[in-house]
Amino acid sequence: MSILDTSPDLRGYAPHPVVAPLRADIAGARTPDPLVRRLVRAKKAYSTRFVAAAIEQDPGAFDLITDPARAPRAGDVVLARVVTIGQHKRLESPVSRRQILFEGDEIVVAYGSRYAADQFLAVIPEDLGECHLAAAGGLASRVVDQHAAIDDATVIEPIGLLSRANRVVNLARFAPQAVRAAALAGGSAARVPVVAVVGTSMNSGKSTTMACLARGLTAAGLTVHAGKATGTGAGNDAHHYTDAGADRVVDFTDFGLPSTFGLSFEEVRDVFATMTDVLASPAAHGTPDVVLIEIADGIFQGDTSRLLTDGAFRSVVDRVVFAAGDALGASGGIAALRALGCEPSVVSGVLTASPLATAEARAALDVGVVPTYDLCLPSEALAAAGLAPAGVGHAVA
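Residues numbered from 1 in each chain as written. Predicted model: local features only at pLDDT ≥ 70, side-chain atom pairs only at ≥ 80, totals over all residues. Heavy atoms only, no water.

- Where an unreviewed UniProt entry is consulted, the protein appears under the name DUF1611 domain-containing protein, with the organism given as Promicromonospora alba.

Okay, structure coming up:
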């Protein structure tokens, strides 16, 4: 079945032949290797982009572990076959192209859990049995609950875990960054202003708010580094920050994590602390003037609420910008933040797309409410980040 109901049924048609990569056998002759051919042809996911680069460089170095009873771990990379197309009809590629999926496609994705109030609650399966594509960024998981408004998850059948040198391929082995214990991070961040963006929930406008902040601060002549510390791996947010002008961008997938849900809180804290330290460190354009970091999901999500009260967060974050979907959510969110000991500098997000909701929020709150795209203005961005003289912009100290 293709993505569009009106598309022809392509099952039974052989794909156009391609030249298979060759590998020398024992006798020295060059013959096509079936696994090499499959790995090269398979559609790779954004979450596996560093592994995908290694496959492209030397596909013959990889093998498969096909024991169906094998229990995968978070970050283990699997070659799987698409069984039934559901909610996710496209797979985000390593360069963030949306690859159309067809039944029978073989894909390279990573195991992980997902917490998405607007989509799926999914967990890592206990074996290599049939499971789901729980996120377009390439998450193999088993859906246990879902939002009523979305389709059932795309079903995938694991063919085998990738292995190299007799070890299961895990994203962390190929990632450019390594997570350190929070106690060993934080040195650089202590010298650089850090602004955290949090929100009421998924799709409250956090990423757009953060991108607009980055735009406004770079327009003011500042060097900005930005990152996303928690969530489910996808390239759109990171690319948004880059397009907005951030000189350096990282997210948790750069640390070998397809998702942060399902990690212990200590691991989530360590990811945040290490990422903040990496972002605050000098890069190609020197030491940043400010670090922006997004925390996914809402403040009622367990890891988020714990992180906001943790010393690793409190010791480095100077300002909190809050994104909300409506005025009541903003009011309740501000109260919840203050109960956690966090004082937001401004409120922005989806609610500001509505002039009426913005007016409601301004009447109800004692915190400045700034339309998201106004944060692209240097004066508003500087005020929200606490980097402007008092009285500039709408921020309330």
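That shown, we press on.
**Side note on the overall build of the protein**
Part 1 of the reasoning: Within the protein, the regular secondary structure consists of eleven helices and 21 strands.
Part 2 of the reasoning: Across the 397 residues that make up the protein, the buried fraction comes to 53%.
Part 3 of the reasoning: Within the protein, contacts between residues at least 6 apart in sequence are counted, and of these 71% link residues at least 24 apart.
Part 4 of the reasoning: Accessible surface, the protein as shown: approximately 16900 Å² in total, 53% of it carbon and sulfur. (Helix = DSSP H or I, 4+ residues; strand = E, 2+ residues; numbered from the N terminus. Buried < 20%, exposed > 50% of the residue type's maximum accessible area, 1.4 Å probe, protein only. Contact = heavy atoms within 4.5 Å. Areas by Shrake-Rupley, 256 points an atom, 1.4 Å probe, with all protein chains shown as cover.)

**So, empty space enclosed by the protein**
Part 1 of the reasoning: Tallied over the full model, the rule gives one cavity of 30 Å³ or more.
Part 2 of the reasoning: Reported here for the largest cavity is a volume of approximately 40 Å³.
Part 3 of the reasoning: Lining the largest cavity, in full, are Ser 47, Thr 48, Phe 50, Val 51, Leu 171, Phe 174, Ala 175, Thr 253 and Gly 256.
Part 4 of the reasoning: For the lining of the largest cavity, the secondary-structure elements that each account for two or more residues are α2 (49-57) and α3 (171-174).
Part 5 of the reasoning: Its residues assigned to classes, the lining of the largest cavity comprises five nonpolar, four polar and no charged. (1 Å grid on protein atoms, 1.4 Å probe; cavity = no way out; pocket = protein on both sides within 12 Å on 5 of 7 lines; lining within 4 Å. Points joined across faces, edges and corners; volume = space filled by probe spheres on them. Nonpolar A, V, L, I, M, F, W, Y, C, P; charged D, E, K, R; others polar.)

**Some thoughts on the packing of helix α6 (residues 265-280) against helix α7 (residues 302-309)**
Part 1 of the reasoning: It is the contact of α6 with α7, at a shortest axis distance of 10 Å, that shows an interaxial angle of 60°. Compared by their axis directions, α6 and α7 come out oblique. Crossing of α6 over α7 shows right-handed handedness. Taken together, the residues of α7 that come into contact with α6 (itself represented by Phe 265, Glu 266, Val 268, Arg 269 and Phe 272) are Asp 303, Arg 306 and Leu 307.
Part 2 of the reasoning: Partitioned by chemical class, the residues of the contact of α6 with α7 number four nonpolar, no polar and four charged. (Axes fitted to C-alpha atoms, helices over the stretch in contact; angles between N-to-C directions. Parallel < 35°, antiparallel > 145°, perpendicular 65-115°, else oblique. Left-handed = near helix turned anticlockwise from the far one by under 90°.)

**Overview of the nonpolar core**
Part 1 of the reasoning: By size, the foremost hydrophobic cluster in this structure holds 43 residues, and its most contacted members are Phe 272, Met 275, Phe 313 and Val 347.
Part 2 of the reasoning: Among the elements of the structure, β15 (194-199), α6, β18 (290-298), α7, β19 (319-323), α9 (327-339) and α10 (355-364) are those that each provide at least two residues to this core.
Part 3 of the reasoning: Filtering out sequence-adjacent residues up to four positions away, Val 347 remains in contact with Phe 322, Ala 330, Ile 334, Leu 365, Val 367, Gly 368, Val 369 and Val 370.
Part 4 of the reasoning: In terms of nonpolar packing, the next biggest core, distinct from the first, is built from 23 residues, Val 197, Ala 244, Val 290 and Leu 382 among them. (Core = buried A, V, L, I, M, F, W, Y, C linked by side-chain atoms within 4.5 Å.)

**Some points on a nonpolar patch on the surface**
Part 1 of the reasoning: A cluster of nonpolar side chains, contributed by Tyr 115, Leu 121, Val 123 and Val 144, occupies part of the molecular surface with about 300 Å² of accessible area.
Part 2 of the reasoning: Mapping Val 123 onto the fold places it in strand β10 (residues 120-123).
Part 3 of the reasoning: A relative accessible area of 35% means that Val 123 is categorised as partly exposed. (Patch = residues over 30% accessible without salt bridge, like charges linked within 9 Å, V, L, I, M, F, W, Y side chains within 5 Å. Salt bridge = Lys/Arg side-chain N within 4 Å of Asp/Glu carboxyl O.)

**Considerations on the pairing of strand β11 (residues 131-135)**
Part 1 of the reasoning: Burial analysis of β11 places five of its five residues in the buried class, which makes it a mostly covered element.
Part 2 of the reasoning: Pairing between β11 and strand β13 (residues 154-164): three bridges, direction antiparallel. Across the sheet, the residue bridging to Cys 131 is Ile 156, located in β13.
Part 3 of the reasoning: Where β11 lies against strand β12 (residues 139-146), three bridges are found, and the strand directions are antiparallel. (Pairing = 2+ DSSP bridges.)

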